[in-house]
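Geometric and topological summary
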Amino acid sequence: MSQIHDIIIIGGGPVGLFGVYSAGLLQLDAVLIERLDQLGGQLAYLYPEKPIYDVGGFPRVRADELVDRLKQQAFQYPATVVTGAEAVHLRHTDDRWVVETTRESYEARAVVITSGIGEFRPRKYGIEAIDRWEGRGLFYVVGRLEAFRDQDVLVVGGGDSAADWAMAVAEVARSVTMIHRRDTFQCHPDSLQKLTRHPRIRLVPETELRAVDGERDRVSRVLVYHRDTQKEETWPIDAVIVAIGLIPGTDIFREWGLNMTGDEIPVDTRMATNLPGVFAAGDIVTYPGKVKLIAVGFGEVATAVESVRHFLQSSGR
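Residues numbered from 1 in each chain as written. Predicted model: local features only at pLDDT ≥ 70, side-chain atom pairs only at ≥ 80, totals over all residues. Heavy atoms only, no water.

For the chain, the name recorded in an unreviewed UniProt entry is Ferredoxin--NADP reductase, with Sulfobacillus acidophilus as its organism. The Subunit (unreviewed entry) field of the UniProt record for the chain holds the comment "Homodimer." (UniProt positions renumbered as here; feature names shortened; annotations may be inferred.)

Side note on the pairing of strand β12 (residues 175-179)
Within β12, four of the five residues are buried, which leaves the element mostly enclosed by the surrounding structure. The sheet contact formed by strand β11 (residues 152-156) and β12 spans five bridges and is parallel. Bridging from a neighbouring strand, L154 pairs with T177 of β12. Chirality of the crossover, the property in question, places the unit of β11, helix α5 (residues 160-169) and β12 among those that are right-handed. Bridge count between β12 and strand β13 (residues 201-204): four bridges; the pairing is parallel. Following the sheet pairing, T177 is matched in β13 by R202. (Buried < 20%, exposed > 50% of the residue type's maximum accessible area, 1.4 Å probe, protein only. Helix = DSSP H or I, 4+ residues; strand = E, 2+ residues; numbered from the N terminus. Pairing = 2+ DSSP bridges. Right-handed = clockwise from strand over helix to strand, strands pointing away.)

Comments concerning the packing of helix α1 (residues 14-25) against helix α8 (residues 294-314)
Running from N to C, α1 and α8 point in directions that differ by 35°, and their axes come no closer than 9 Å. Taken as a pair, α1 and α8 cross one another with a handedness that is right-handed. Within the contact between the two elements, α1 uses P14, V15, F18, G19, S22 and A23 and α8 uses I294, G297, F298, V301, A302 and V305. Here the contact of α1 with α8 is composed, by residue class, of nine nonpolar, three polar and no charged. (Axes fitted to C-alpha atoms, helices over the stretch in contact; angles between N-to-C directions. Left-handed = near helix turned anticlockwise from the far one by under 90°. Contact = heavy atoms within 4.5 Å. Nonpolar A, V, L, I, M, F, W, Y, C, P; charged D, E, K, R; others polar.)

Some words on the layout of surface pockets
Within this model, the second largest pocket holds a volume of roughly 150 Å³. Around the second largest pocket, the lining comprises 13 residues; the ones closest to its centre are R270, A272, F279, S307 and F311. Those elements that provide at least two residues to the lining of the second largest pocket are β20 (278-280) and α8. The element best represented in the lining of the second largest pocket is α8, accounting for four residues. Of the residues in the lining of the second largest pocket, the class split is six nonpolar, six polar and one charged. (1 Å grid on protein atoms, 1.4 Å probe; cavity = no way out; pocket = protein on both sides within 12 Å on 5 of 7 lines; lining within 4 Å. Points joined across faces, edges and corners; volume = space filled by probe spheres on them.)

Overview of the sheet that holds strand β14 (residues 207-214)
Reading across from one edge, β14-β15-β16 is the order of the three strands in this open sheet, with antiparallel pairing throughout. Both outer strands of the open sheet, β14 and β16 (231-236), are each paired with one neighbouring strand and no more. Neighbouring strand axes in the sheet, compared pairwise and without regard to direction, differ in orientation by 25° on average. Looking at chain direction, β14 and strand β15 (residues 219-226) are connected through seven bridges and run antiparallel. Across the sheet, the residue bridging to E208 is Y225, located in β15.

As for the side chain of D164
Examined against the element boundaries, D164 turns out to sit in helix α5. The exposure class assigned to D164 is buried, which follows from its relative accessible area of 12%. With residues near it in sequence (within four places) discarded, D164 still touches K50, P51, Y53 and S191.

Section: the packing of α1 against helix α3 (residues 63-74)
The interhelical angle for the contact between α1 and α3, taken along N-to-C directions, is 20°, at an axis separation of 8 Å. Relative to α3, the element α1 is oriented roughly parallel. The hand of the α1/α3 crossing is left-handed. Across the interface between the two elements, P14, L17, F18, V20 and Y21 of α1 pack against V67, L70, K71, Q73 and A74 of α3. Within the contact of α1 with α3, the residues separate by chemical class into eight nonpolar, one polar and one charged. (Parallel < 35°, antiparallel > 145°, perpendicular 65-115°, else oblique.)

So, in structure tokens, the structure goes:
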């Protein structure tokens, strides 16, 4: 007979790791399921060297360092950790939930979903003249900042990820130019102020990347289009970072019977979904006034785990 746990946490990113810690505080028997071979979610897989600014107590912390700290905090308490296993089905039987993964099934009285946007894939341009340079100076996923040392770098995008990468790369690059097709950048106001003041960063709004060119194995120039003047221009560039968003992979949650609003799961103040005993926290959830910050996700998952404790008590489990 399979062991019946108190709680299964689906998603091993920062919010999921803090959920393991929260479960340990309440002495709940937890299972953490992560589809990747490593814990840490986007921070570990896509952005290990990205600076993080929005976590309490850390004016600035590297993504991989934050993940290490979260793992140290979480695993003060015993927990079952399953990596390299994707949760593919959720079903209710008798008084428990069964989570079927690509490896085996796990049973628990309650479930907390902390999977972020699901299977995260960087959004690509879809233009052959641009995408064919991936791996030869064009980056959708940045591994090491050192790769940009003393280079002239173009960052494409106007959101928080683009802004964070521009500031991080500017610490080693010769210059950074950040372009956005709109007339204003959508990143956090504080980030925009820092970008504006940085001596090696140039902001160019109303500008689109049209093509990338260079030698056989490396980028050397880009073609951009200025929407305000309707003119094209060629710039010498050594590397291009494209940060135009991630493609969410959350359709599987609909198959599980969860109500969805777009790509997000609506929750109430207890972080409860429409399924009794199933809760959610982090970027996957939505509610009036929702703010997508790591720090907010920490509070949400702490609430979700506390709600699990009440759920178990009220149902006599």
